[in-house]
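# Structural characterization, general
Each chain, letter by letter, is given below.
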Amino acid sequence: MADKPTFREEIAGLLHASMGNPLDMCMQCGTCSATCPVASGGFMDNSPRRIIAMINAGLKERVLKSNTYWYCASCYHCTVRCPRGIDIAELMYGLKRYTVWHAKTQEDLIGPVFSETFVKMIVRTGRSFEPVLATSYLFTLGLPEMIQEAQTATTLMLKGRLPLLPARIKRLDNFKRVLKRIIPLGDPDA
Amino acid sequence: MKKYAYFPGCSLEKMARSYHDSAIETLRRLDVELEELEDWNCCGATAYFHVDELLAYTLCARNLAQAEKQHLDVVAPCSGCYKNMFSTRAHLQHEPDLADHINYALEADNLKFTGTSAVRHLIEVFVQDIGMDAVKAKVTHPLRGLRVAPYYGCQILRPRKDQEDVEQAHFFEDLIAAIGATPVEYELKLRCCGGALIITNRKAALSLVRNLLQSAAAAKADVIATACPLCQVNLECYQKLVNQEFGTSFNMPVLYFTQLVGLAFGLPPKKLGIGTELVSAEPVICHARSKPS
Amino acid sequence: MSKRIGVYVCHCGTNIASTVDVKAVAEYAATLPGVVLARDYKYMCSDPGQALIQQDIKEHKLDRVIVAACSPLLHEHTFRNATKQGGINEFFFQMVNIREHDAWVHTDRAKATEKAKDLIRAAVYRVPYHKPLEKKSVSIKPDVLVVGGGIAGIHAALTLANAGKKVYLVEREPTIGGHMAKFDKTFPTLDCAACILTPKMTTVKTHPNITLWTYTDVVKVDGFVGNYKVTVRRNPRYVIEDLCVGCSECVAACVFKEPKFPDKFNLGLGKRKPIYLPFPQATPLVAVIDPETCIQLKTGKCKKTCVEACGDRQAIDFTQKPEIKEIEVGTIILATGFKIFDAKRIPYYGYGAYDGVYTALEIERLVNASGPTGGELVLRNGQKPRSVAIIHCVGSRDENTNKYCSRVCCMYSLKLAHLIKERTGAEVYNFYIDMRTPGKGFEEFYSKVSGEGVNMIRGKVADVFLENPTDKNGRLIVQAEDTLLNIIRKVPVDMVVLAVGLEAHADANEVRRLFNISCSTEGWFLERHPKLAPVNTFTDGIFLAGCCQGPKDIPDTVAQAGAAAAEALALIDNGSVELEPNTAFVVEEECSGCKTCIPMCPYNAISRNEEKKVAVINEALCKGCGTCVAACPSGAIKQNLFEDDEIFEEINGVLAHV
């Protein structure tokens, strides 16, 4: 009977395509966290270093409850500075995917909904269209923020910078067939 | 001159139209031929890789395979598009099994990825392929006295592509100097603007934007030059919000490097999309107008 | 040719016997052509095992011996010796490895046993073709060359000189002392570096057995163990060493009223004139003139006030030329030391950009009484720092710069923390990843310094920012994650000290080529074995001492220097060294003189005899790698113990069942 992979092993598996060194090599120096513009600004509940320590210690629930990876700005500064050669930014992507696929994303985060909306839109048309994305976060904002956002959007529209009509790729049918061969997405129009 | 498959990316249609216009105009002046990548699809920004890796690679690979069909290297003006496509190509070359799997899917659109088309960033093309001398040769209105803060942002340099030194880049400064302007040293030129977070963590993003604007302003920059539409939108379109949030009074124009190059080439500002900014670029244009060579 | 072969199959306890059926193998061996006796035995390498071989040779008149056991690296010489003791030539012995090559790498008993049989059969076919070889010996010249005049070179030279040997100590800088002369105090005792070093330097200068040549480079090294011919170039100081007394009147009199040029000894923090003495305790205490900055040497038009000041001694000589000298030595000790990591490679620490950022070595000069500030630890604006951050691991333990740990930085960082606090009363912060304090008295030193109130923050510094972006001279903010407190620290300080790591010299690769040794991947000179032979190299007669072999502190350096001296003394006292005969040789009649082999030899052992127009192989340099043997288009080069008939028979033996 095969053993179920530990959380640590699962996460290591997520990084198979990354060319960085294994998470086990982390020496907990804290370079990543102090370099990270978001962590060092105090916007993450756990620093990237702490997340790695928690993964290595198998503290799955605490990792899943953390907002760290959804607040990663994908700037890759941690990755280029890590003295042990670990690709931390890729780890953050991996953790996001893990929570999305296990449907364990936290309710109060905008990131998961935003990303899913984005992908659904691409799958449907092949191109992005900002106004659709707005629906994924607009209603999480308070009233003053919503008004501000509307103002910014209006100004941009008046300057001709806001797309009013969604774009589509031409070979959309082929495109959808390509996607079906990769991943069973169900009916994207459902 | 070399010909490239041009990958505008979703934002250059409308949001960053001025980047597109100024890129086309300046490259035309420099005799570089562009052929738009046929029927390109969205590169995925950061979102694809948040949801599924295989899907993300496939969507990028479709663009790369299309470029191969056109027998051209891809040039992307947006750092996000550039990074996604560059990484996809590198990964698929590194993992032939993954490439096979994706090629099976791409068959449905009569495409195949083998990795023969390289991926370049627009600024790379200016700086390496075209070269400073060629750029200098076309400058008719050197932007003398204009203090420009070159904003590299994140994804042009990072992650490392090939052992290069990512902390000591100076090609952007060289380009600014080539068009006669004065490149300005400021501490945060390589740091993140929070572009990916403007929706998902607005507080963090605004804080990062504020820090950047402050750094450029402290160095007495007249304008920030960017090479990525997300950076430009973040730094420019949300300045008002930053001022509201932090009680600051920034009024820093943020232009694309191609717009500055275009001004130095004597091209009319309207053709370069100048006038569509939320923070007026008038002070910058005055500089260009008042000093013909 | 009928031979009488004895085959011994060793159990090696259960190492071999548990996987290979040694009895069956011995029984099989007995059936092979030429084998007159085959035994299996528990431990062949034991005394009785060796005695058995000797006995059997005599009783059964064996003329060839085969032992199937472990790797030849371990016991080939043991059994060759036993063979010799038995009364026949020791090279009539062949070893078969059925342990590392068979029992230890296979699990299938039947197949492993068959393989053992195949391997032994190969040896049985081969060994009749072995020739009786004799070991040659070369004599060892008694003089020694020590390259590098830091503490390692100094200690090695003194040890050898005190043992009565003549030593040439060659140093490329104008003075000996190396890095240690730059330190203020040494850890963990806080001994003054100069106080413990300068007496040794003086002894070197005055020792009758030491010839000290400073400002000298090694240019060429020819020869082999015991017989090295070394060419050195003594560079011109434009001052006659024997006449100069080091009074420095010339320096005071120089037409440059104020020192103007960066002072190398003080790492550019101080200035010197074109004529200078490197530091007050320089040895030899002789002035040097820098041809790049001296007006007389550059233009020929100077008042030459220095000459005037020198007066009757007439020690200054602008016509001095480089002097080539050739020496003959038997052994060489390399003690060329290290260089520090270039902190400019980490731009986000601000070195070279912000005034308040220094390297640890620069701080050593600042706190030193003979340094550019007379021992006052002050910033560039002359003020004492009120807070200082010391950043550990700069250029060490980092995939992006150097992967290795530089071993001394934690200790010297604690030392500097102590000195800085003592001199200035500043608040000191040490930012570290791990605190590495393993040596004698080191942990106690760490406790002591912690007890003095130095702040230890466990977190590698990510950035050093300016507090005020427009003020490059102003305060700095050091940003790190305090991994123990789990918070991001942004500590404002006046001064940042970078604990830079150690690296091999930039020209280490060129230097190693001169001496025909190797470098490791990190650039350090390569030792023969990291555990058991740290001072030997793969080139006989050349030894390593000190940091040129890898980062280490002064106690370990001195120990290694003593070890290298002992190795050299062992060779010299023995008077001669035996060479392994498995060398290649040229059959002159078959050599066409095509010169293909000469550049191929990794040990530079092949040269050309111009008279006969043939290649000649130096047996002492040849290591028996076989490259030339394979390369020779005429097949004129053969190798002892690996001649064609021996090899082909071995192959036949292995494949016989196929």
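The model shown is predicted, which means the values in this text are computed figures rather than measured ones.

### Notes on the overall build of chain A
Across its full length, chain A carries 10 helices and 0 strands. Based on the C-alpha atoms only, the size of chain A along its principal axes is roughly 50 × 45 × 30 Å. Looking at chain A as a whole, 54% of its 190 residues are labelled buried. Look at the contacts in chain A between residues 6 or more apart in sequence, and 61% of them connect residues 24 or more apart.

### Considerations on the interface of chain B and chain C
Listed by partner, the interface residues are 7 residues for chain B and 12 residues for chain C. Carbon and sulfur atoms supply 49% of the area that chain B and chain C bury against each other, a total of about 740 Å² over both sides. On the chain B side of the interface with chain C, the three residues burying the most area are E167, E187 and R191 of chain B, jointly 58% of the side's total. Where chain B packs against chain C, one counts 1 salt bridge. Close ionic contact of R191 of chain B with D463 of chain C constitutes a salt bridge, the shortest N to O distance being 2.6 Å. Linking chain B with chain C are 5 residue pairs in polar contact (both at pLDDT 80 or more). Tallied by class, residues from the side of chain B that touches chain C come to 2 nonpolar, 1 polar and 4 charged.

### A short note on the domain arrangement of chain B
Residues and elements named next belong to chain B. Partitioning chain B into domains gives domain 1 (2–122) and domain 2 (140–290). Relative to domain 2, the C-alpha centre of domain 1 lies at a distance of 24 Å. Contacts between domain 1 and domain 2 engage 23 residues on the former and 23 residues on the latter. Both sides together, the interface formed by domain 1 and domain 2 hides about 2000 Å², and carbon and sulfur atoms give 72% of it. Taken together, domain 1 and domain 2 are joined by 0 salt bridges. Joining domain 1 to domain 2, the criterion identifies 4 residue pairs in polar contact (both at pLDDT 80 or more). Sorting elements by how many residues they give to the side of domain 1 that touches domain 2 places helix α1 (residues 17–29) first, with 8 residues.

### Things to note about the sheet that holds strand β12 (residues 227–234) of chain C
All names here are of chain C. What the 3 strands build is an open sheet, ordered β11-β12-β17; its pairing is antiparallel. Bordering the open sheet on either side are β11 (216–224) and β17 (323–329), each of which pairs with just one other strand. Within this sheet the neighbouring strands show an average axis-to-axis angle of 20°, counted without direction. Relative to β17, β12 is paired through 7 bridges, and the arrangement is antiparallel. Following the sheet pairing, R233 is matched in β17 by I324.

### Thoughts on the packing of helix α3 (residues 53–69) of chain B against helix α5 (residues 96–106) of chain B
Residues and elements named next belong to chain B. As a packed pair, α3 and α5 sit with axes 10 Å apart at the nearest point and diverge in direction by 70°. In terms of orientation, α3 and α5 fall into the roughly perpendicular class. Every pair of crossing elements has a handedness; the one defined by α3 and α5 is right-handed. Every residue of α5 that contacts α3 at L54, Y57, T58, A61, R62 and A65 is listed here: L98, H101, I102, A105 and L106. Tallied by class, the residues present in the contact of α3 with α5 amount to 8 nonpolar, 2 polar and 1 charged.

### What about the pairing of strand β22 (residues 427–432) of chain C?
Residue and element names in this part refer to chain C. For β22, the tally of buried residues reaches 5 of 6 residues, placing the bulk of the element in the interior. Here 5 bridges tie strand β21 (residues 387–394) to β22, and the two strands are oriented parallel to one another. Paired with I391 across the bridge in β22 is F431. Summarising the sheet, β22 and strand β23 (residues 455–458) pair through 4 bridges and their orientation is parallel.

### Digging into the packing of helix α6 (residues 151–162) of chain C against helix α15 (residues 554–574) of chain C
Residues and elements named next belong to chain C. Between α6 and α15, the shortest axis-to-axis distance is 8 Å and the interhelical angle comes to 40°. In terms of axis orientation, α6 runs oblique to α15. Relative to α15, α6 is oriented so that their crossing is right-handed. Along its contact with α6, which presents I151, A152, H155, A156, T159 and L160, the element α15 presents I554, T557, V558, A561, G562, A565, A568 and L569.

### Quick look at the environment of Y48 of chain B
For Y48 of chain B, the location among the structural elements is in helix α2 (residues 47–51). With a relative accessible area of 0%, Y48 of chain B lands in the buried category. If near-sequence neighbours (up to four positions away) are discounted, Y48 of chain B is found in contact with F118, V119 and I122 of chain A together with N41, C42, C43, A56 and L59 of chain B.

### Points about the domain arrangement of chain A
Parsing chain A into structural domains produces domain 1 (7–101) and domain 2 (111–182). A C-alpha centroid distance of 28 Å is found between domain 1 of chain A and domain 2 of chain A.

### Here we look at the environment of V209 of chain B
Residues and elements named next belong to chain B. As for its placement among the helices and strands, V209 is situated in helix α9 (residues 202–218). With a relative accessible area of 0%, V209 lands in the buried category. Measuring from C-alpha to C-alpha, the distance between V209 and G195 comes to 8.8 Å, with 14 residues separating the pair along the chain. V209 has contacts with C193, N234, L235 and V242, leaving out every residue within four places of it along the chain.

### Brief notes about the side chain of R397 of chain C
Mapped onto the fold, R397 of chain C is located in the loop between β21 and α12 (409–424). When near neighbours in sequence (up to four residues on either side) are disregarded, R397 of chain C contacts M27, P83 and R84 of chain A together with N402, K403, Y404, C405, I433, D434 and R436 of chain C.

### With respect to the interface of chain B and chain A
With 71 residues of chain B at the contact, the number on the chain A side is 58 residues. Of the roughly 6000 Å² buried where chain B meets chain A, counting both sides, 60% is carbon and sulfur surface. The residue D39 of chain B makes a salt bridge to R171 of chain A at a minimum N-O spacing of 4.0 Å. For the interface between chain B and chain A, the tally reads 29 residue pairs in polar contact (both at pLDDT 80 or more). The set of elements that each furnish at least two residues to the side of chain B that touches chain A consists of α2, α3, α4 (79–94), α5, α9, α10 (229–237) and α11 (239–246) of chain B. Examining the composition of the side of chain B that touches chain A, we find that 8 residues originate from one element, α3 of chain B, more than from any other. Grouping the amino acids of the side of chain B that touches chain A by side-chain chemistry returns 34 nonpolar, 18 polar and 19 charged.

### Thoughts on the packing of aromatic side chains
In total, this model carries 20 aromatic pairs over all chains according to the counting rule given. Ring centres of Y168 of chain C and W213 of chain C lie 5.5 Å apart, and the angle between their planes is 40°; this geometry places the pair in the tilted category. With Y168 of chain C in strand β7 (residues 167–170) and W213 of chain C in strand β10 (residues 210–213), this pair connects stretches of sequence that are 45 residues apart. Grouping residues by exposure puts Y168 of chain C and W213 of chain C together as buried. Centroid distance F187 of chain C to F442 of chain C: 5.4 Å. Interplanar angle 85°. Geometry classified as edge-to-face. Of this pair, F187 of chain C sits in the loop between β8 (185–186) and β9 (191–192) while F442 of chain C sits in helix α13 (residues 442–451), placing them 255 residues apart in sequence. Judged by relative accessible area, which is 15%, F187 of chain C ranks as buried. Following the ring pairs from residue to residue traces out a cluster consisting of Y19, F126, Y152, F171, F172, Y256 and F257 of chain B. For the cation-ring pair, K96 of chain A lies above Y93 of chain A, with the distance from its terminal atom to the ring centre recorded as 4.8 Å. Just above the ring of F246 of chain B sits the side chain of R210 of chain B; from NZ or CZ to the centre is 4.5 Å.

Rules and cut-offs
Residues numbered from 1 in each chain as written. Chains lettered and ligands numbered in written order. Predicted model: local features only at pLDDT ≥ 70, side-chain atom pairs only at ≥ 80, totals over all residues. Heavy atoms only, no water. Helix = DSSP H or I, 4+ residues; strand = E, 2+ residues; numbered from the N terminus. Buried < 20%, exposed > 50% of the residue type's maximum accessible area, 1.4 Å probe, protein only. Contact = heavy atoms within 4.5 Å. Buried area = accessible area lost by both parts, 1.4 Å probe. Salt bridge = Lys/Arg side-chain N within 4 Å of Asp/Glu carboxyl O. Polar contact = N/O pair within 3.5 Å; in protein donor to acceptor, adjacent residues only side chain to side chain. Nonpolar A, V, L, I, M, F, W, Y, C, P; charged D, E, K, R; others polar. Domains from an automatic or database assignment. Pairing = 2+ DSSP bridges. Axes fitted to C-alpha atoms, helices over the stretch in contact; angles between N-to-C directions. Parallel < 35°, antiparallel > 145°, perpendicular 65-115°, else oblique. Left-handed = near helix turned anticlockwise from the far one by under 90°. Phe/Tyr/Trp six-rings, centres within 6.5 Å; stacked < 30°, edge-to-face > 60°. Lys NZ or Arg CZ within 6 Å of the ring centre and 35° of its normal.

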